[in-house]
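Letter by letter, the chains look like this.
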Amino acid sequence: MNTKTVQTSLIHSDYEAPGGFEAFPPGVHRASTVLFENVAAMRSGQWKDKSAYTYGLHGTPTTFTLEARLAQVEGGAHCLLAPSGLAAIAMINFALLKSGDDVLLPENVYNPNRELGRWLSQDFGVSARFYDPMVGSGIADLIQPNTKLVWTEAPGSVSMEVPDLPAICRAAKDKGVPVALDNTWSAGLALRGFDVGADIVMHALTKYQSGGAGLLMGAVITRDGGLNERLAQAHMRLGLGVGADDAYLVMRGLPTMKLRFEAHDGAARKVAAWLKARPEIAKVLHPAFEDCPGHANWRRDFSGAGGLFSVLFDPRYTEEQTDRFVDSLQLFGLGYSWGGPNSLVMPYRIRAIRSQWQEQGVLVRFNIGLEDTRDLIADIEQALARL
Ligand SMILES: *Cc1c(COP(=O)(O)O)cnc(C)c1O
């Protein structure tokens, strides 16, 4: 029977595992090449509507499964994965913008998206304009005939303002301009983007979905088939495939995501409340606290909060002093990103990333992980003593 040489049989084995295996974890299908049954199947296979597999870049059962699960969490119909949150943002920008078009981004947008906007302006003939995140329905006055995309983020990165999403989305819809929402902070749990009128919802799965601080991935979710098709085209043209092992790891995180999110939320509010009572802290920029611009929008639209918030130190403290505070923390890692079990801290030079910034005092961002809050508060207390 086996007439192949050893070398060929190492590649073309005769053994096939029996079918009918069932388990809770989804299978991990790794592939660049996807095999077709025959030429007719190869010629008729469609990757765009996910009715067939054509190439690893266009999806495998593993990535399709993750996409479908994420779309369900957010209440969407379609989902596309990208190798990072930023790649998901780039997919949206390149799908919807071309030379001569205009895009509106909030002042407090995730900074690499601002950087991408600048690049589109400088080298691709797109105008990128930045708006006050608290503009609300006033966005209507900023929309031009060539405006093809409005970005929103809730709350905004670092400074944490919560925009009036329904007002912005309504105004944009009236003018026929799609709104993209970076919904990473809420993980699709504390806010469902389509409920407030967004057309495209983007997530950095790097954060709560993965939950382990061990991988990078992004997702773009839509309800509208036409929008999804444009996004899928950009996804294909830019080659934004993701690895099956990473997709599997994200799926492993999903069953516990809501429980983790609620634990982060409760812990962050405890730590933030403790900080608010301290004389060293001038303001707590946490959407659930009144100091935070847009707090009323958060109360109206959100059902919870994540583990991420910022504080402003009293202006009497210099950056040298607050840097000493950050360096004195033992349990808080100094690093970017968030959503994992470890608490993190990051000081920001906010004036370098915001053109309109009126507040005084150094801004420090906290990501509250899953440690016991008593230990976290004790750690912050000893570091405050070193100010
Ligand atoms: C982290 C983050 C991103 C980007 O995600 P990466 O996977 O790190 O590229 C985008 N938006 C927000 C709000 C984020 O916090």
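About the cut-offs
- Residues numbered from 1 in each chain as written.
- Predicted model: local features only at pLDDT ≥ 70, side-chain atom pairs only at ≥ 80, totals over all residues.
- Heavy atoms only, no water.
- UniProt positions renumbered as here; feature names shortened; annotations may be inferred.
- Phe/Tyr/Trp six-rings, centres within 6.5 Å; stacked < 30°, edge-to-face > 60°.
- Buried < 20%, exposed > 50% of the residue type's maximum accessible area, 1.4 Å probe, protein only.
- Helix = DSSP H or I, 4+ residues; strand = E, 2+ residues; numbered from the N terminus.
- Lys NZ or Arg CZ within 6 Å of the ring centre and 35° of its normal.
- Pairing = 2+ DSSP bridges.
- Contact = heavy atoms within 4.5 Å.
- Axes fitted to C-alpha atoms, helices over the stretch in contact; angles between N-to-C directions.
- Near = heavy atom within 4 Å.
- Polar contact = N/O pair within 3.5 Å; in protein donor to acceptor, adjacent residues only side chain to side chain.
- Areas by Shrake-Rupley, 256 points an atom, 1.4 Å probe, with all protein chains shown as cover.
- Nonpolar A, V, L, I, M, F, W, Y, C, P; charged D, E, K, R; others polar.
- Salt bridge = Lys/Arg side-chain N within 4 Å of Asp/Glu carboxyl O.
- Core = buried A, V, L, I, M, F, W, Y, C linked by side-chain atoms within 4.5 Å.

If you check an unreviewed UniProt entry, the protein appears there as Cystathionine beta-lyase from Massilia varians. According to the UniProt record, the Catalytic activity (unreviewed entry) comment for the protein reads "L,L-cystathionine + H2O = L-homocysteine + pyruvate + NH4(+)".

Turning next to the packing of aromatic side chains. On inspection of all chains with the given rule, the structure shows eleven aromatic pairs. Look at F313 and Y317: their rings are 6.4 Å apart centre to centre, the planes differ by 85°, and that puts the pair in the edge-to-face class. Across the pair, Y317 and F313 agree in class, each one buried. Ring plane angle 75° and centroid distance 6.4 Å describe the contact between F325 and F366, whose orientation is recorded as edge-to-face. Pair noted here: F325 is in helix α10 (residues 319-328) and F366 is in strand β12 (residues 363-367), with a separation of 41 residues, a long-range link. According to the relative accessible area criterion, F325 is buried, its value standing at 0%. Look at F366 and you get buried, because its relative accessible area is 1%. The ring of F130 has R114 lying over it, and the distance from NZ or CZ to the ring centre is 4.7 Å.

Here we take up the sheet that holds strand β10 (residues 333-334). Spatially, the five strands line up as an open sheet ordered β8-β9-β12-β11-β10, and their pairing is mixed. The open sheet terminates on both sides in strands that have one partner only, identified here as β8 (281-285) and β10. Along the sheet face, helix α8 (residues 244-276) touches β8, β9 (308-313) and β12 and points at about 10° away from the line of β9. Contacts from α10 reach β9, β10, β11 (344-348) and β12 within the one sheet, and its direction differs from that of β11 by about 165°.

Next up on the list: the site of the ligand. If you check the shell around the ligand, you find 14 residues, and the closest are G85, L86, D182, T206 and K207. Here an oxygen atom of the ligand sits 2.9 Å away from a polar atom, N or O, in the main chain of L86. Note that a nitrogen atom of the ligand is positioned 2.6 Å from one of the side-chain N or O atoms of D182. When the free accessible area of the ligand is taken as 380 Å², the share hidden by the protein chains comes to 90%. Elements represented by at least two residues in the shell around the ligand include exactly α4 (85-96) and β6 (200-204). Element by element, the count of residues in the shell around the ligand is highest for α4, at three residues. In the shell around the ligand, the residues fall into seven nonpolar, four polar and three charged.

Another aspect to go through is the pairing of β6. Taken across its five residues, β6 has five buried, putting it largely inside the fold. Note: β6 against strand β7 (residues 218-222), five bridges, orientation antiparallel. Considered in β7, the bridge of A204 is made with G218.

We now examine unusual backbone geometry. Residue P155 is reached from A154 by a cis peptide bond, and omega for that bond is -15°. Structurally, the position occupied by P155 is in the loop between β4 (147-153) and α6 (165-174). Even without a glycine there, the phi angle at V158 is positive, about 70°. Residue placement: V158 occurs in the loop between β4 and α6. The backbone of S337 shows a phi angle near 70°, a positive value even though the residue is not glycine. Tracing the backbone shows S337 in the loop between β10 and β11. S337 sits in the partly exposed class, given a relative accessible area of 27%.

Another aspect to go through is the environment of Y336. Mapping Y336 onto the fold places it in the loop between β10 and β11. In this structure, Y336 is in contact with L344, M346 and Y348, ignoring residues within four places of it in sequence.

Here we take up the pattern of salt bridges. According to the stated counting rule, one finds 20 salt bridges in the structure shown. With a closest N to O distance of 2.8 Å, D14 and K4 form a salt bridge. Of this pair, D14 sits in the loop between α1 (6-11) and α2 (39-44) while K4 sits in the segment before α1; the two residues are ten residues apart in sequence, bridging distant segments of the chain. Put simply, K98, D101 and K148 are held in one network by salt bridges that share partners.

Read across the open sheet, the seven strands follow the order β1-β7-β6-β5-β4-β2-β3; overall the sheet is mixed. Looking at the sheet topology across the chains shown, the edges are occupied by β1 (78-82) and β3 (127-131). Each strand of the sheet is rotated relative to its neighbour by a mean of 20°, with strand direction disregarded. In this sheet, β4 lies alongside strand β2 (residues 102-106) in parallel orientation, the contact comprising three bridges. Bridge pairing in β4 places L104 opposite V150. The strands touched by α6 are β3, β4 and β5 (179-182); relative to β4, the strand with the most contacts, the crossing angle is about 175°.

Grouped together as the largest cluster of nonpolar side chains are 74 residues, with contacts concentrated most on F309, F325 and F366. Considering each element in turn, this core owes the most residues, eleven residues, to α8. Setting aside anything within four residues of it in sequence, one finds F309 in contact with M160, A268, V271, A272, L275, V284, L285, H286, V364, R365, F366 and I368. With 31 residues, the next largest nonpolar core counts L105, L116, V126 and W151 among its residues.

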